[in-house]
Amino acid sequence: MFDIVVVAIILAIAIVAILIRAATRPKTLRVARAIDIKAPAEKIFPLISDFHQWLKWSPYEEKDPAMKRTYGGADSDRGATYAWDGDKNVGSGRMEILEAAAPSKIVIKLDFFKPFEGHNTAEFTMLPQGDGTHVTWVMHGPANFMSRLIQMFINLDEMIGRDFEAGLARLKTITEK
């Protein structure tokens, strides 16, 4: 009986410590990756500002081949929307292009509904650099308590960053042809 009480107390202390540590983590999440592409921004911009084109390069499109996609609003640029509903690998959510300053910047409102609710902003910037373009993909937003708790066990910057790197690499391959 004494052993069970000691184990229960140690377990309770560990849980409280994790919860306190999660509560003190940063209240914002930011993931950023960049790549240099030997192509003009004018060639890259349409692949990002038109959600229909994401099938060609987004790493999230292949994670669930049966994913349901819904496009709305404008065909591309400001006002274009894209919603998805998929399996546990992609969850569900919605994106809307809030700003499309051709050919240098795209700002997207990014809402996740499943598996966890989250509201972020994604930004793509394309800056001319020599004979090419420096492309940056950033996602930022508030980190609610559940997100901060998850980050105690999973490095979201590393996990999401790998996806961003894969997507940027595909953009590079497509546009450098």
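This one's a predicted model, so the numbers in the text were calculated from it and none came from an experiment. (Residues numbered from 1 in each chain as written. Predicted model: local features only at pLDDT ≥ 70, side-chain atom pairs only at ≥ 80, totals over all residues. Heavy atoms only, no water.)

Residues Ala102 and Pro103 are joined by a peptide bond in cis, for which omega reads -5°. Topologically, Pro103 is positioned in the loop between β4 (92–101) and β5 (105–114). Cis geometry is found at the peptide bond from Lys114 to Pro115, where omega equals 5°. Mapping Pro115 onto the fold places it in the loop between β5 and β6 (118–129). (Helix = DSSP H or I, 4+ residues; strand = E, 2+ residues; numbered from the N terminus.)

The next subject is the pattern of salt bridges. All told, the structure shown has ten salt bridges when counted by the stated rule. With its nearest N and O atoms 3.3 Å apart, the salt bridge here joins Asp157 to Arg33. Here the residue Asp157 occupies a position in helix α5 (residues 156–175), and Arg33 occupies one in strand β1 (residues 28–37), the gap between them amounting to 124 residues. We classify Asp157 as partly exposed; its relative accessible area is 31%. Among the salt bridges present, the one from Asp163 reaches Lys63, with a minimum N-O distance of 3.3 Å. Taken together, the residues span a long stretch of sequence, with Asp163 in helix α5 and Lys63 in the loop between α3 (54–57) and β2 (68–72) at a distance of 100 residues. Residue classification places Lys63 among the partly exposed positions, given a relative accessible area of 33%. (Salt bridge = Lys/Arg side-chain N within 4 Å of Asp/Glu carboxyl O. Buried < 20%, exposed > 50% of the residue type's maximum accessible area, 1.4 Å probe, protein only.)

Alignment of strand β3 (residues 81–85) against β4, held across five bridges, turns out to be antiparallel. Within the sheet, the bridge partner assigned to Trp84 lies in β4 and is Gly93. The turn linking β3 back onto β4 is made up of six residues, and Gly91 within it adopts a positive phi angle of 65°. The sheet contact formed by β4 and β5 spans nine bridges and is antiparallel. When the bridges of β5 are listed, Ser92 appears paired with Lys114. In this structure, the hairpin formed by β4 and β5 is closed by a connection of three residues. (Pairing = 2+ DSSP bridges.)

Note on placement: Ile13 falls in helix α1 (residues 2–23). Separated by 66 residues in the primary sequence, Ile13 and Gly79 place their C-alpha atoms 49 Å from one another.

On to the nonpolar core. Within the largest apolar cluster, 36 residues are counted, with the highest numbers of intra-cluster contacts made by Ile48, Ile108, Phe124 and Met126. Excluding its chain neighbours within four sequence positions, the residues that come into contact with Met126 are Ala41, Ile44, Phe45, Ile48, Pro103, Ser104, Lys105, Ile106, Thr133, His134 and Val135. (Core = buried A, V, L, I, M, F, W, Y, C linked by side-chain atoms within 4.5 Å. Contact = heavy atoms within 4.5 Å.)

A few words now on the sheet that holds β5. Taken together, seven strands build an open sheet; the order of strands is β1-β7-β6-β5-β4-β3-β2 and the sheet is antiparallel. Where the open sheet ends on each side, the last strands, each with one partner, are β1 and β2. Direction aside, the axes of adjacent strands within the sheet are offset by 15° on average. Here five bridges tie β2 to β3, and the two strands are oriented antiparallel to one another. Each residue of the ladder has a partner; that of Gly72, found in β3, is Thr81. Where α5 meets the sheet, it contacts β1 and β7 (132–142), and its direction lies at approximately 25° from that of β1. (Axes fitted to C-alpha atoms, helices over the stretch in contact; angles between N-to-C directions.)

Another point: the packing of aromatic side chains. In total, this model carries eleven aromatic pairs according to the counting rule given. With a centroid separation of 5.6 Å and an interplanar angle of 75°, the aromatic rings of Trp57 and Trp137 are classed as edge-to-face. With Trp57 in helix α3 and Trp137 in strand β7, the pair connects residues that are 80 residues apart, well separated along the chain. Summarising the burial analysis for this pair, Trp57 and Trp137 share the class buried. (Phe/Tyr/Trp six-rings, centres within 6.5 Å; stacked < 30°, edge-to-face > 60°.)

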